[in-house]
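Given next are the chains, with one letter for each unit.
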Amino acid sequence: MIRRQRLAAGVCALLAALTAGLAFPGPAAADETEQAAPKVELVLDVSGSMRTRDIDGGTRMAAAKQAFNEVLDATPGEVQLGIRTLGANYHGNDRKTGCKDTAQLYPVSTLDRTEAKTAVATLSPTGWTPIGPALLKAADDLNGGDGARRIVLISDGEDTCQPLDPCEVAREIAAKGIGLTIDTLGLVPDAKTRDQLSCIADATGGTYTSVQHKEQLTDRVGQLVDRAADPVVTPVATEGAGACSSAPSLKSGLYTDREEFGQQRWYKVAVEPGQEVRASVSVADDRAVNPDYGVLLRAVTLHGREIVRGEAAGDGRTDVISTGLRYPRPESDDESASAETVCLQVTNSFSAAAGVKTTPGLPLELTVDVVDGPSKAGDVASFGLGRGWWLLGALVLAGFVAGLLWGWVSRWRVAVWRTN
């Protein structure tokens, strides 16, 4: 009896293993394509308020220096890192001069840890808080190249150089489509500082963190520097047109653009016979907008006939809304058949809240993928499963056989129990 139980259990285990192998195929070969070196610039507020002693009994400046030293020791070798300061050099009271006080302490390059630490050790809290000008300069420091680019801004107060609003500066940087992310950290921030730093981060898809302790600052800066070393797909900046005839031609890839409130943006994709175009679009509300909005993505012929559409609606509870579509072009018996131009139209129904600037437009991310189309109509029609129907069939069969075996084992055990 024991042997029969073990045999049944072994069969069930074997079926379970085969099912798991079907459901979770082995990992694909890693992409060995070399990526450009990631670049990070740490932007540190060295204004007079950094003398305040409220972080674990020490000054904010001391906490920042300790964090920088530990992060410099742990920075991955493939990351090119630089340091920029704001408010570090001008001691006077002239606002115009103080608002130009930003300098690159260490250039964005392969890291010399000793040199970078020596430069950080010389810092002393001094002047104003020109966050906007510092962000503009930092974006220039990171300009060029195809790798990931990230600014990590550490500040303990609001920008003191208005009307150059740092949040608007961040939006302008994002509107350039250079794939630069700004993360912000607030040292013991008040409500106004928190709102401003959050706005800067949100405008570029970055993160905001409120910091109260030295260890928290060190850990968070280290995480952001390490994140820059992760492989990323760098989006390509493009500019959609007001009509399909003048729209840019796109190939498979990830693209970024800006779309004003209620605006239409057009793009073109060439699709050969037997190919399928798959497209998706996401639009983010990086500022206050009215609730109830939507995004529409249409595939249209050059003559204006709609082929297929995707649409989505939001009600203010999410800051990103996305939709997508698929269009398979049938095979052609005519070997001389040329590519078909498919026009992609993106329209949004966002509306600005009172007093909110409408320029630059809302950040838009468009993914285009042109692949070989399904070989048969059934590949698309199989309940939406494509060629995956066989996997569902195998799982159903395995479950049926396992159920029969389990039922047989259970009945046999009950019969033995009654006999004994």
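1. Considering the pairing of strand S12 (residues 264-271)
So, point 1. By the criterion of burial, S12 is predominantly enclosed, with six of the eight residues buried.
So, point 2. Here two bridges tie strand S10 (residues 249-250) to S12, and the two strands are oriented parallel to one another. Residue pairing in the sheet places leucine 250 in a bridge with valine 269 of S12.
So, point 3. As paired elements, S12 and strand S17 (residues 340-348) share eight bridges and run antiparallel to each other. Its bridge partner being in S17, tyrosine 267 is matched across the sheet by leucine 344.

2. Details of the nonpolar core
So, point 1. Membership of the largest hydrophobic core comes to 32 residues, with the highest contact counts inside it found for Leu42, Leu44, Ile154, Leu185, Leu217, Val221 and Val225.
So, point 2. Those elements that place two or more of their residues in this core are strand S1 (39-45), helix H2 (60-74), strand S4 (80-86), helix H4 (113-121), strand S6 (149-155), strand S7 (180-187) and helix H8 (214-228).
So, point 3. Of all the elements, H2 adds the most residues to this core, at seven residues.
So, point 4. Setting aside residues no more than four positions away along its own chain, isoleucine 154 makes contact with Val43, Leu44, Asp45, Phe68, Leu185, Leu187, Leu217 and Val221.
So, point 5. Tyr255, Phe261, Val281 and Val289 belong to the second-largest nonpolar core, a separate cluster that totals 26 residues.

3. Comments concerning the pattern of salt bridges
So, point 1. Scanning all chains against the criterion turns up 16 salt bridges.
So, point 2. Between arginine 84 and aspartate 141 there is a salt bridge, with its nearest N and O atoms 2.8 Å apart. Of this pair, arginine 84 sits in strand S4 while aspartate 141 sits in helix H5 (residues 131-141), placing them 57 residues apart in sequence.
So, point 3. Between glutamate 306 and arginine 309 there is a salt bridge whose closest N-O contact spans 2.9 Å.
So, point 4. On the basis of relative accessibility, which here comes to 30%, the residue glutamate 306 falls in the partly exposed class.
So, point 5. Several salt bridges converge on common partners, so that one network encompasses Arg298, Glu306, Arg309 and Glu311.

4. So, helix H6 (residues 166-175)
So, point 1. Across the 10 residues of H6, seven count as buried, placing the element largely inside the fold.
So, point 2. If you check which residues of H6 are buried, you get Pro166, Cys167, Glu168, Val169, Ala170, Arg171 and Ile173.
So, point 3. On its buried side, H6 packs onto H5, S7, helix H7 (191-203) and strand S11 (253-259).
So, point 4. Of the residues flanking the start of H6, the one acting as N-cap is aspartate 165, its side-chain oxygen 3.0 Å from the backbone nitrogen of cysteine 167.

5. Examining the packing of H2 against H8
So, point 1. Taken N-terminus to C-terminus, the directions of H2 and H8 make an angle of 40°; their axes are 9 Å apart at the nearest point. Crossing hand, H2 versus H8: right-handed. Packed against H2, whose contacting residues are Ala63, Ala64, Gln66, Ala67, Glu70, Val71 and Ala74, the element H8 presents Lys214, Leu217, Thr218, Val221, Gly222, Val225 and Asp226 at the interface.
So, point 2. The class makeup of the residues in the contact of H2 with H8 is eight nonpolar, three polar and three charged.

6. A look at the confidence of the model for the protein
So, point 1. Chain-level pLDDT for the protein is 83 on average; 85% of the residues reach the 70-or-more range.
So, point 2. Scored below 50 in pLDDT, residues 1-33 makes 17 contacts in the model with residues more than four places away or belonging to other chains.
So, point 3. Counting interchain partners and residues more than four positions distant, the pLDDT-below-50 stretch residues 377-386 has six contacts.

7. Quick notes on the sheet that holds strand S13 (residues 275-284)
So, point 1. A sheet is described by the order of its strands in space; here five strands give the open sequence S9-S11-S18-S13-S16, paired in mixed fashion. The sheet is open, and its two edges are formed by strand S9 (236-237) and strand S16 (320-328), each paired on a single side.

8. Remarks on the sheet that holds strand S5 (residues 102-110)
So, point 1. Across the sheet, which stays open at both edges, the six strands sit in the order S5-S4-S1-S6-S7-S8 with mixed pairing between neighbours. At either end of the open sheet lies a strand with only one pairing partner, and these are S5 and strand S8 (208-211). Here the average twist between neighbouring strands, direction ignored, is 15°.
So, point 2. Alignment of S7 against S8, held across four bridges, turns out to be parallel.

What counts and what doesn't
- Residues numbered from 1 in each chain as written.
- Predicted model: local features only at pLDDT ≥ 70, side-chain atom pairs only at ≥ 80, totals over all residues.
- Heavy atoms only, no water.
- Buried < 20%, exposed > 50% of the residue type's maximum accessible area, 1.4 Å probe, protein only.
- Helix = DSSP H or I, 4+ residues; strand = E, 2+ residues; numbered from the N terminus.
- Pairing = 2+ DSSP bridges.
- Core = buried A, V, L, I, M, F, W, Y, C linked by side-chain atoms within 4.5 Å.
- Contact = heavy atoms within 4.5 Å.
- Salt bridge = Lys/Arg side-chain N within 4 Å of Asp/Glu carboxyl O.
- Polar contact = N/O pair within 3.5 Å; in protein donor to acceptor, adjacent residues only side chain to side chain.
- Axes fitted to C-alpha atoms, helices over the stretch in contact; angles between N-to-C directions.
- Left-handed = near helix turned anticlockwise from the far one by under 90°.
- Nonpolar A, V, L, I, M, F, W, Y, C, P; charged D, E, K, R; others polar.
- pLDDT = per-residue confidence, 0-100.

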